[in-house]
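Tertiary structure, described
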Amino acid sequence: MAFFEGKIAVITGAASGIGRGLAERGHAQGMKLVLADRDAAALGALAASLDGAIAVPTDVTDPAALVALADAAWAAFGGVDLLFNNAGIMATGYSWEIEPARWDASINVNLKGILHGIRAFVPRMIAQGRGHIVNTASVGGFGASPLMAPYSVTKFAAVALTESLHAELAMIGAPVGVSLLAPGPVKTGIFDNPFGDIANPAAEHFVAELRHMLDTYGLEPGEFADKVYDALAEGQFWIVPQPEALDPMLKARTETILARRTPEFSWSGGDPVEA
């Protein structure tokens, strides 16, 4: 608790799911919070429940909105110690059927939302001489899945962007740290509206199975957030609170690539995994 006491955290996608868990647990550890989300009503209610937190309705797809978020954080608290680039959405269906607008939305939120946060906050963190960036990817950022290509594509990209950012900051000796957060199953609302205008029974069945997996194996956001803060206190770059969801898949994928085998996928009613 003492590690985070008095530190200032900015959290995007804060109104629900992982973001809300990070906010509530951060508040319990004595942090000052700047909460961002495009759902202004839910965001305001959350901020009102956390003494001292401020709500800044924010669309992470708008670069100017992230600059305004940084302005608000510095105006309120004079600096920022932690930025959680956390906002994310899901789109499901066959990759060739998913509408261009839904592809664009996934890229704009899951990837460009992180990039806009980096551009708005990193220069100020360098100037203030401290700071840490946490980018939310997914275990799905290390292994592609059928029927959710926009999610896989953008989460792979989030991993690459985070590694590049870490290397760049190290190159210039900047006093700013970076971590890659890779959640496994967490009980959030990310599957509440993943469908577009094209009916797809396969995608509907796939999402139903994923929801069942979340109900059965998923962590509650608060429990997940505790693991995230423990990893941050230890200075971890790879924050993988559920290694059981990543390690076997990553090992199989790596072996497949090194052996130059064609990827194979199996799905027995649960989460598709690389064979």
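The structure under discussion appears in the preceding block.
The following paragraphs examine the structure supplied in this document. Computed from a prediction, not measured in an experiment: that's the story for all the values here. (Residues numbered from 1 in each chain as written. Predicted model: local features only at pLDDT ≥ 70, side-chain atom pairs only at ≥ 80, totals over all residues. Heavy atoms only, no water.)

Put simply, the second largest pocket is a space of about 150 Å³. Surrounding the second largest pocket, Phe3, Phe4, Lys7, Asp81, Leu82, Arg130, Gly131, His132, Leu232 and Gly235 form its lining. Its residues placed into classes, the lining of the second largest pocket shows four nonpolar, three polar and three charged. (1 Å grid on protein atoms, 1.4 Å probe; cavity = no way out; pocket = protein on both sides within 12 Å on 5 of 7 lines; lining within 4 Å. Points joined across faces, edges and corners; volume = space filled by probe spheres on them. Nonpolar A, V, L, I, M, F, W, Y, C, P; charged D, E, K, R; others polar.)

To continue, consider the side chain of Thr136. Residue position: Thr136 is located in strand E5 (residues 132–136). The buried category is assigned to Thr136, whose relative accessible area is 4%. Thr136 has contacts with Asn85, Asn86, Ile114, Lys155, Ala158, Leu181 and Pro183, leaving out every residue within four places of it along the chain. (Helix = DSSP H or I, 4+ residues; strand = E, 2+ residues; numbered from the N terminus. Buried < 20%, exposed > 50% of the residue type's maximum accessible area, 1.4 Å probe, protein only. Contact = heavy atoms within 4.5 Å.)

Looking now at helix H2 (residues 40–49). Restricting attention to buried positions, one finds in H2 the residues Leu43, Leu46 and Ala47. End-on view of H2: buried residues confined to an arc of 100°, all on one side of the axis. Projecting away from the buried face of H2 at angles above 90 degrees are the exposed residues Ala41 and Ala48. (Arc of directions from axis to C-beta.)

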